[in-house]
Amino acid sequence: MSADARGHPAIPHRTAPTSASYEAGNLKEAIILVTQIPVPASSEATAHRDRDILNPATGTVIRSVPDSTPDHVDEAVRAAKEAFESGPWPRLPRSERARHLLRCADAIEASSETLFQLETRNNGRPITETKAQLSRVPEWFRYNAGLLAAQRDAVLPGDGPYLTYQRRSPLGVCGIITPFNHPLLILARSLSAALATGNTVVVKPSETTPLTTLALVDVLREAGLPEGVVHVVTGGREVGERLTGHPDIAKITLTGGTEAGRAAAVATAARFARVTAELGGKTPIVVFDDIDPRVAAEGAAFAAFVAAGQSCVAGSRFLVQRGVYDAFVEALSARAAAIRIGDPARPDTQLGPLISAVQREKVLRLIDTGVQEGARVAAGGGVPDLPAELGDGFYVQPTVLADATMSMTVAKEEIFGPVAVVVPFDDEDDAIAMANDNRFGLGAGVWTRDIARGHRVADRVVAGMVWVNDHHRLEPSLPWGGVRESGAGRDAGQESFDDFTWVKTVVVRTAADDVDWYGSPAPGRLN
């Protein structure tokens, strides 16, 4: 590789691919390109297995993608380690790394039409939602480029003739495991911070939604990201477990279920690697009687039904003060019944399918359990009647389960579908106790016109994130994560950026005389 005028390795800048690169006819070629990892000698243990990737709106196959094996994970980590130890990326001046991230952001923006069309096909989220969400992905790369350019090393206070300061260094090879519900956005949060701080990365997307991850990595490479800096391994649990337990992985960032996070925490603890885990949730949303119940119901519908409820912070438990309870249930049920269900590729569709038949059956089973335990179906509750071309899609009606209690399964378990469970409460203390009656602690919401109450309740609810009179709001600067069984660590914000580095403290003696502990009659401080 050639060098620039300052002697640093030169990394060529290549133009971003056109959207034609990922049109249906060329998608398989793009996937093959970004999954070409040198493989050990052929054997049954290392042979690829193809996995059909489905369009959940129709149940039809989009493409078949080869699953990686544990041997492929080992090779990807080896290549990423070599790029970290011998390649240019960690050694680039931070201003140059920041410029590369800005070029990546521009390339993602130029490819946005292709990316959001592809993600809609792969995970079934309505195109309007997907477009709105993915339009923000470049912001994470720009934000972390800004943090990198503005980063300061701390000078620490101390006594005596010493200058003490800190330096931050990248961790090494980092693993990122992403879920099916927001493949690109969640990847961008961690990937941009990991790259900005000089790490190399191995990504394992959900086995059901790998397509936009594969396409994104190709976009980054075309934008000039050096070979070896980012690798993708595809597949299911076996692949994730091998990546999480790999001795050369310095940090795992995982978004998924609580049990997967628990296993990752155990595996990384054995070698003292870092882990950031954003896991399950059972988000309580408290609605007080000082707000118009119709206004709160519109907010509740947004919280509960966006992404078909397949979000870890989806509004799942609505705790509603008795004075507005009936009006709230009526307004929320009316909104749920009016939501337009259909082909997620159509701009007028407001609710798409769940990710799989398995997930649909789980959601329908939980709805039935709620009814058996005494909840009332105020809206939805089953599979919608849709055109024949969508008959094999994995749809569930937006559902409102009213008159629930905190002892019901649907009020305690994460549903991960378009189901709003509504529970009445009497006063503020009652609401807070009910909100905190849950093993999770990811997100929470408060709807009130009393701003003092909003602050007060937000302070007392046990959750990593609380919204007041809104929901799902996020920015690159806002740390994202939970407590209890919702995980550990934070994605996004300065916290995530810093956690991809380790701190070295340097102590420099500046005195004119030399250290002479044993030769001095009065040596003074020992340390």
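Residues numbered from 1 in each chain as written. Predicted model: local features only at pLDDT ≥ 70, side-chain atom pairs only at ≥ 80, totals over all residues. Heavy atoms only, no water.

(A) Molecular detail of the side chain of Asn 55. Relative to the helices and strands, Asn 55 resides in strand S1 (residues 49-55). On the basis of relative accessible area, Asn 55 is assigned to the buried category, the value being 13%. Beyond its immediate sequence surroundings of up to four residues, Asn 55 is in contact with Thr 60, Ile 62 and Arg 121. (Helix = DSSP H or I, 4+ residues; strand = E, 2+ residues; numbered from the N terminus. Buried < 20%, exposed > 50% of the residue type's maximum accessible area, 1.4 Å probe, protein only. Contact = heavy atoms within 4.5 Å.)

(B) Structural context of the layout of surface pockets. Quantified by volume, the largest pocket comes out at close to 1200 Å³. Lining the largest pocket are 37 residues, with Glu 207, Thr 255, Gly 256, Gly 257 and Ala 260 positioned closest to its centre. Of all the elements, helix H10 (residues 258-269) adds the most residues to the lining of the largest pocket, at six residues. For the lining of the largest pocket, the residue count by class is 13 nonpolar, 15 polar and nine charged. Together, 36 residues line the second largest pocket, and Arg 125, Glu 129, Phe 302, Val 306 and His 472 are the ones closest to its centre. Every element with two or more residues in the lining of the second largest pocket is listed here: helix H5 (127-134), helix H7 (183-196) and helix H11 (293-305). Grouping the constituent residues of the lining of the second largest pocket by class yields 15 nonpolar, ten polar and eleven charged. (1 Å grid on protein atoms, 1.4 Å probe; cavity = no way out; pocket = protein on both sides within 12 Å on 5 of 7 lines; lining within 4 Å. Points joined across faces, edges and corners; volume = space filled by probe spheres on them. Nonpolar A, V, L, I, M, F, W, Y, C, P; charged D, E, K, R; others polar.)

(C) Summary view of the packing of aromatic side chains. One pass over the full model with this rule turns up four aromatic pairs. A ring pair is formed by Phe 288 and Phe 425, whose centres lie 5.5 Å apart and whose planes are at 85°; its orientation type is edge-to-face. Residue Phe 288 is found in the loop between strand S10 (283-287) and H11, and its partner Phe 425 is found in strand S14 (residues 419-425); the two are separated by 137 residues along the sequence. In this structure Phe 425 comes out as buried when scored by relative accessible area, which is 0%. Judged by centre distance (6.1 Å) and plane angle (40°), the rings of Phe 318 and Phe 328 are tilted. Pair noted here: Phe 318 is in strand S11 (residues 315-321) and Phe 328 is in helix H12 (residues 322-338), with a separation of ten residues, a long-range link. Above the ring of Phe 500, the side-chain terminus of Lys 251 is found at 3.9 Å from the ring centroid. Its end group placed over the ring of Phe 288, Arg 453 keeps NZ or CZ at 4.2 Å from the ring centre. (Phe/Tyr/Trp six-rings, centres within 6.5 Å; stacked < 30°, edge-to-face > 60°. Lys NZ or Arg CZ within 6 Å of the ring centre and 35° of its normal.)

(D) Inspection of the sheet that holds S11 at higher detail. The sheet built from seven strands is open, its strands ordered S12-S13-S14-S11-S10-S15-S16 with mixed pairing. Across the chains shown, the open sheet's two edge strands, defined by having one partner strand only, are strand S12 (376-379) and strand S16 (465-468). Strand-to-strand, the axes of this sheet are offset by a mean angle of 25°, without reference to chain direction. Looking at chain direction, strand S15 (residues 443-447) and S16 are connected through four bridges and run parallel. Among the inter-strand pairings, Gly 445 is bridged to a residue of S16, identified as Trp 467. In the packing of H11 onto the sheet, contacts are made with S10, S11, strand S13 (399-402), S14 and S15, and the angle to S11 comes to roughly 160°. (Pairing = 2+ DSSP bridges. Axes fitted to C-alpha atoms, helices over the stretch in contact; angles between N-to-C directions.)

(E) Quick look at the environment of Val 421. Note on placement: Val 421 falls in strand S14. Judged by relative accessible area, which is 0%, Val 421 ranks as buried. Note: C-alpha distance between Val 421 and Leu 386 (35 residues apart in sequence) is 25 Å. Excluding its chain neighbours within four sequence positions, the residues that come into contact with Val 421 are Ser 316, Arg 317, Phe 318, Leu 401, Ala 404, Val 410, Ala 411 and Ile 415.

(F) Layout of the pattern of salt bridges. According to the stated counting rule, one finds 34 salt bridges in the structure shown. For Glu 485, the salt bridge goes to Arg 262, with nearest N and O atoms at 3.6 Å. Separated by 223 residues along the polypeptide, Glu 485 in the loop between S16 and strand S17 (487-488) and Arg 262 in helix H10 bring together distant segments of the chain. Here Arg 346 makes a salt bridge to Asp 348, at a shortest N to O gap of 3.2 Å. (Salt bridge = Lys/Arg side-chain N within 4 Å of Asp/Glu carboxyl O.)

(G) Layout of the packing of helix H3 (residues 94-110) against helix H6 (residues 137-150). Where H3 contacts H6, the axes come no closer than 8 Å and their chain directions differ by 170°. One way to sum up the angle between H3 and H6 is to call them roughly antiparallel. Between H3 and H6, the contacting residues are Arg 94, Arg 97, Ala 98, Leu 101, Leu 102, Cys 104, Ala 105, Asp 106, Ile 108 and Glu 109 on the first element and Val 137, Pro 138, Phe 141, Arg 142, Asn 144, Ala 145 and Leu 148 on the second. Split by residue class, the contact of H3 with H6 holds eleven nonpolar, one polar and five charged. (Parallel < 35°, antiparallel > 145°, perpendicular 65-115°, else oblique.)

(H) Spotlight on the nonpolar core. Membership of the largest hydrophobic core comes to 61 residues, with the highest contact counts inside it found for Ile 108, Val 137, Phe 141, Leu 191, Leu 195, Leu 220 and Val 230. Top contributing element to this core by residue count: H7, with nine residues. Not counting residues within four places of it along the chain, the set of residues in contact with Leu 191 comprises Phe 141, Ile 176, Val 201, Leu 220 and Val 230. Ranked by size, the runner-up nonpolar core spans 57 residues in total, among them Val 286, Leu 364, Val 421 and Val 461. (Core = buried A, V, L, I, M, F, W, Y, C linked by side-chain atoms within 4.5 Å.)

(I) Region of interest: the sheet that holds strand S7 (residues 230-232). Ordered in space as S7-S6-S5-S8-S9-S17, the six strands form an open sheet in which the pairing is mixed. Lying at the two open borders of the sheet, with one neighbouring strand each, are S7 and S17. Alignment of strand S5 (residues 173-177) against strand S6 (residues 200-204), held across five bridges, turns out to be parallel. Residue pairing in the sheet places Gly 175 in a bridge with Val 202 of S6.

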